[in-house]
Amino acid sequence: MAATVATPVTPTEHDPDRCGSEEESRGAEAEEESSQQQTGPAASVTHSRLSKLPLARIKALMKTDPDVSLASQESVFIIAKATELFVEMIAKDSLVYAQQGKRKTLQRKDLDNAIEAIDEFAFLEGTLD
């Protein structure tokens, strides 16, 4: 008689085919993040796993500002997360224009269109010239 072992499978990334709203997935991510909050050296390990950008590079960029002498791990993480969210938002908005042109690849004109059309990106006007 063979024994079978059931192993629970937990999704590691958001699967668009999975049922559930975006708000539910955000809530689950927030719970996961709050349960992982720690202090000390282990906290920086947790932050680096939650960030897709290199934290050391971001810290170095922050320190190039003469007004910044010290940057805590938390502040570096917040800047990294805000940058990720900004890039994601502008990419998604640009994708709409690429899809209108029946393309899957983002082009510069898609970014230009998103910057011109969306008020939140008004500060970027003229930066891609």
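Quick note: structure is the one above.
Residues numbered from 1 in each chain as written. Predicted model: local features only at pLDDT ≥ 70, side-chain atom pairs only at ≥ 80, totals over all residues. Heavy atoms only, no water.

Focus: the environment of Asn113
Then, in step 1: Along the chain, Asn113 turns up in helix α5 (residues 108-117).
Then, in step 2: Taking the C-alpha atoms as reference points, Asn113 and Val96, separated by 17 residues in sequence, lie 9.8 Å from one another. (Helix = DSSP H or I, 4+ residues; strand = E, 2+ residues; numbered from the N terminus.)

Regarding the pattern of salt bridges
Then, in step 1: For the structure on display, the rule yields 4 salt bridges.
Then, in step 2: Residue Glu88 is joined to Lys92 by a salt bridge in which the shortest nitrogen-to-oxygen separation is 3.0 Å. Of the two residues, Glu88 and Lys92 are both situated in helix α4 (residues 73-100); the distance of 4 residues between them amounts to about one turn of the helix.
Then, in step 3: Classification of Glu88 by relative accessible area gives partly exposed; the value is 39%. (Salt bridge = Lys/Arg side-chain N within 4 Å of Asp/Glu carboxyl O. Buried < 20%, exposed > 50% of the residue type's maximum accessible area, 1.4 Å probe, protein only.)

Structural notes on the nonpolar core
Then, in step 1: Ranked by size, the top nonpolar core spans 6 residues in total: Leu55, Ile58, Met62, Ala71, Val76 and Ala80.
Then, in step 2: Elements with a minimum of two residues in this core: α3 (55-63) and α4.
Then, in step 3: Counting residues per element, this core draws most heavily on α3, which supplies 3 residues.
Then, in step 4: Excluding residues that lie within four positions of it along the chain, Val76 makes contacts with Leu55, Ile58, Lys59, Met62 and Ala71. (Core = buried A, V, L, I, M, F, W, Y, C linked by side-chain atoms within 4.5 Å. Contact = heavy atoms within 4.5 Å.)

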